[in-house]
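# Structural features, examined
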Amino acid sequence: MRDDIKDTIAFLAKEDISLFNKAELARRYNCDPRTIDRYLKIQSGELIPKPSSRVYHSKLDDYKTTIINKVDVYGCTAMAVYKFIKKKGYAGKYSIVADFVKQHKDIETKKATIRFETNPGLQAQVDWKEDMTLVNRKGQAFKINIFLMVMGFSRKKFIRITSDRSQEVLFQCMIEAFRFYGGLPHEILFDNMKTVVDHAKSSFAQTVYNDKFEAFAKDMGFTPIACRPYRPQTKGKAEALAKLMDRLKVYNEEFDSWDDLIAISNEFLKDINQELSQGCDDIPDILFEKEKEYLLPLPHMELLQSYVSRQEEKTYPVNRESMIKYEGRKYSVPTRYIGERMTVTTDDSGTLSIYYNNHLVVCHEITSRRYNYTIETACDILKSDAMRGRSDAEVLNFVQHNLLNMDRCIGGL
């Protein structure tokens, strides 16, 4: 049916059907008067239209399967697909390909927008709030990451502030979360983060987990699930929790040290687990009392400790300032270790011990200062550059009187 004729007849029919002049309408639309008569009978219900027997062919028909495969399986763009099928004989325009790809993605995305709820203990979601900056009372900027886990049924949340998002830190945070919940969900949903997914071996159709993560998941006892393409709402609970972390911005200029930030985040965690969740219209702490009964038991303590130990043995590079960075703060080592990697341990007394090949190199008191030196390493650093040629006594005298102001001098190295 011609839409222009159909629309005109539908409009005029509302006014007065007796006003129709079939011959005039036929001249206006360059068609036979009998066509106008047929449209009028269809409009009045006197005639039921027959479906058209005409078969419409698109220049894209022979390539649609190829396009969907390239987009879904390999994540190709519309332009890349257009260039590819053009060499295969496609004679149409790029805009036709782009429209088809957009429509396909829209359909796939809408399939994922149907909200679903999980049974108690079945699923949790994990994500990161990345590179958030908070400023302390002294104007020092703390660039932090926040590990996020949320239970699917109760919306019980767990957060942990970290200095990086390495795989070891991910394992450490997840183990802390398992202890916090007192058990494990049967499955955990992740974004396609590189600490979880082997991007080189994965495609849009098949996810391959990296070996270390796969071993971790197997040891812990949960099943990992990676988000699928076109599924932005799949891990919506974790996304909502990430947005909730913006409430921490009110603590700018309200803290002094890293330890203060940890205390603030712990208090914040208590608060949000006692607030009404919009997702389930209930209090997470209350719902979790039911959910915890369905969690998997914690793995054996020795197994948990083995992964915690791996985190403690993480190596830290010595930069050109002859310092390592630990939890957002820098600690000095002798200059002969520049370019090497050191291991770090801490104890309950607040001491940071730095090792090279299992040999103790230097110990520091863990502080909130941005730069931390011992007298010996400060002398070593200054003698290597800024105060080269000065006597040991002169360097030592300078350090003893200016240790807190060393940043300005070392910063010129």
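Placed above this text is the structure.
The paragraphs below set out a description of the structure included in this document.

Rules used in this analysis
- Residues numbered from 1 in each chain as written.
- Predicted model: local features only at pLDDT ≥ 70, side-chain atom pairs only at ≥ 80, totals over all residues.
- Heavy atoms only, no water.
- Helix = DSSP H or I, 4+ residues; strand = E, 2+ residues; numbered from the N terminus.
- Contact = heavy atoms within 4.5 Å.
- Areas by Shrake-Rupley, 256 points an atom, 1.4 Å probe, with all protein chains shown as cover.
- Buried < 20%, exposed > 50% of the residue type's maximum accessible area, 1.4 Å probe, protein only.
- Arc of directions from axis to C-beta.
- Salt bridge = Lys/Arg side-chain N within 4 Å of Asp/Glu carboxyl O.
- Core = buried A, V, L, I, M, F, W, Y, C linked by side-chain atoms within 4.5 Å.
- Pairing = 2+ DSSP bridges.
- Axes fitted to C-alpha atoms, helices over the stretch in contact; angles between N-to-C directions.
- Phe/Tyr/Trp six-rings, centres within 6.5 Å; stacked < 30°, edge-to-face > 60°.
- Lys NZ or Arg CZ within 6 Å of the ring centre and 35° of its normal.
- Parallel < 35°, antiparallel > 145°, perpendicular 65-115°, else oblique.
- Left-handed = near helix turned anticlockwise from the far one by under 90°.

### Some points on the overall build of the chain
Within the chain one finds 15 helices and 12 strands. Within the chain, contacts between residues at least 6 apart in sequence are counted, and of these 61% link residues at least 24 apart. Counting only carbon and sulfur atoms, one obtains 49% of the accessible surface of the chain, whose full area is about 23,900 Å².

### Details of helix H11 (residues 284–291)
All of the buried residues along H11 are Pro 284, Leu 287, Phe 288 and Glu 291. Considered in projection along H11, the buried side chains sweep an arc of 105° and stay on one side of the axis.

### Some points on the pattern of salt bridges
Going through the model one piece at a time under the given rule, you end up with 13 salt bridges. In this structure, Arg 34 and Asp 32 form a salt bridge, with 3.1 Å as the shortest nitrogen-oxygen distance. Residue Arg 34 is classed as exposed on the basis of its relative accessible area of 66%. For Lys 249, the salt bridge goes to Asp 246, with nearest N and O atoms at 3.7 Å. Asp 246 gets classed as partly exposed once you look at its relative accessible area, which sits at 33%. What you see here is one network of salt bridges that share partners, running through Lys 129, Asp 246 and Lys 249.

### Here we look at the nonpolar core
Grouped together as the largest cluster of nonpolar side chains are 54 residues, with contacts concentrated most on Phe 147, Met 149, Met 174 and Phe 222. For this core, the element with the most residues is helix H7 (residues 167–181), which contributes nine residues. The residues touching Met 149, leaving out its near neighbours within four places in the chain, are Ala 124, Gln 125, Val 126, Lys 156, Lys 157, Phe 158, Met 174, Ala 177, Phe 178, Tyr 181, Ile 188 and Leu 241. In terms of nonpolar packing, the next biggest core, distinct from the first, is built from 13 residues, Leu 60, Tyr 63, Val 71 and Ile 85 among them.

### Some thoughts on the sheet that holds strand S8 (residues 329–332)
Spatially, the three strands line up as an open sheet ordered S7-S8-S12, and their pairing is mixed. Each end of this open sheet is capped by a strand with a single partner; those strands are strand S7 (323–326) and strand S12 (371–372). By the bridge criterion, two bridges tie S8 to S12 in an arrangement that is parallel. Along S12, the bridge assignment pairs Tyr 331 with Asn 372.

### Looking at the sheet that holds strand S11 (residues 359–365)
Read across the open sheet, the four strands follow the order S6-S9-S10-S11; overall the sheet is antiparallel. Both edges of this open sheet fall to strand S6 (315–317) and S11, since each of them pairs with a single strand only. Here the strands of the sheet are splayed against their neighbours by 35° on average, with no regard to which way each runs. As paired elements, S6 and strand S9 (residues 341–346) share three bridges and run antiparallel to each other. In the strand pairing of S9, Tyr 316 is matched with Met 342.

### Concerning the pairing of S8
Relative to S8, S7 runs antiparallel, the two sharing four bridges. Residue Met 323 lies in a different strand from S8, and its bridge partner there is Ser 332. Between the antiparallel neighbours S7 and S8 lie two residues, among them Glu 327 with a positive phi of about 50°.

### Some details on the packing of aromatic side chains
In total, this model carries 18 aromatic pairs according to the counting rule given. Both rings, one in Phe 190 and one in Phe 222, keep their centres 6.3 Å apart while their planes meet at 35°; by these two values the pair is tilted. Placement of Phe 190 in strand S4 (residues 187–190) and of Phe 222 in the loop between helix H8 (211–220) and strand S5 (223–226) is noted, with a sequence separation of 32 residues between them. The burial state of Phe 190 is the same as that of Phe 222; both residues are buried. Aromatic rings pair up to connect Phe 171, Phe 178, Phe 190, Tyr 209, Phe 213, Phe 216 and Phe 222 into one cluster. Over the face of the ring belonging to Phe 84 we find Lys 70, whose NZ or CZ atom lies 4.8 Å from the ring centre.

### Examining the packing of H7 against H8
Think of two packed helices as two axes; the pair is described by the angle between the axes and how far apart they sit. The geometry of H7 relative to H8 is characterised by a closest axis approach of 11 Å and an angle of 15° between their N-to-C directions. Taken together, the axes of H7 and H8 lie roughly parallel to each other. Crossing angle aside, the handedness with which H7 passes H8 is right-handed. Facing H7, whose interface residues are Gln 167, Phe 171, Met 174, Ile 175 and Phe 178, H8 presents Lys 212, Phe 213, Phe 216 and Met 220.

### Some points on the pairing of S5
Here S5 shows a clear split, with Pro 224 and Ala 226 buried on one side and none of Thr 223 and Ile 225 buried on the other. Bridging between S4 and S5 involves four bridges; their strand directions are parallel. Counterpart to Glu 187 in the pairing with S5 is Thr 223.

### Quick look at the side chain of Ser 332
Relative to the elements of secondary structure, Ser 332 occurs in strand S8. Once residues lying within four places of it in the same chain are set aside, the contact partners of Ser 332 are Ser 322, Met 323, Ile 354, Val 362, His 364, Asn 372, Tyr 373, Thr 374, Thr 377 and Ile 381.

### Considering unusual backbone geometry
Here the phi dihedral of Ser 322 falls at roughly 65°; this positive angle occurs in a residue that is not glycine. Backbone geometry places Glu 327, a non-glycine residue, at a positive phi of 50°. Residue position: Glu 327 is located in the loop between S7 and S8. Residue Glu 327 is classed as partly exposed on the basis of its relative accessible area, which comes to 35%.

### A closer look at the side chain of His 104
Residue position: His 104 is located in helix H6 (residues 94–111). Leave out the neighbours within four places in its chain, and His 104 touches Ile 68 and Asp 72.

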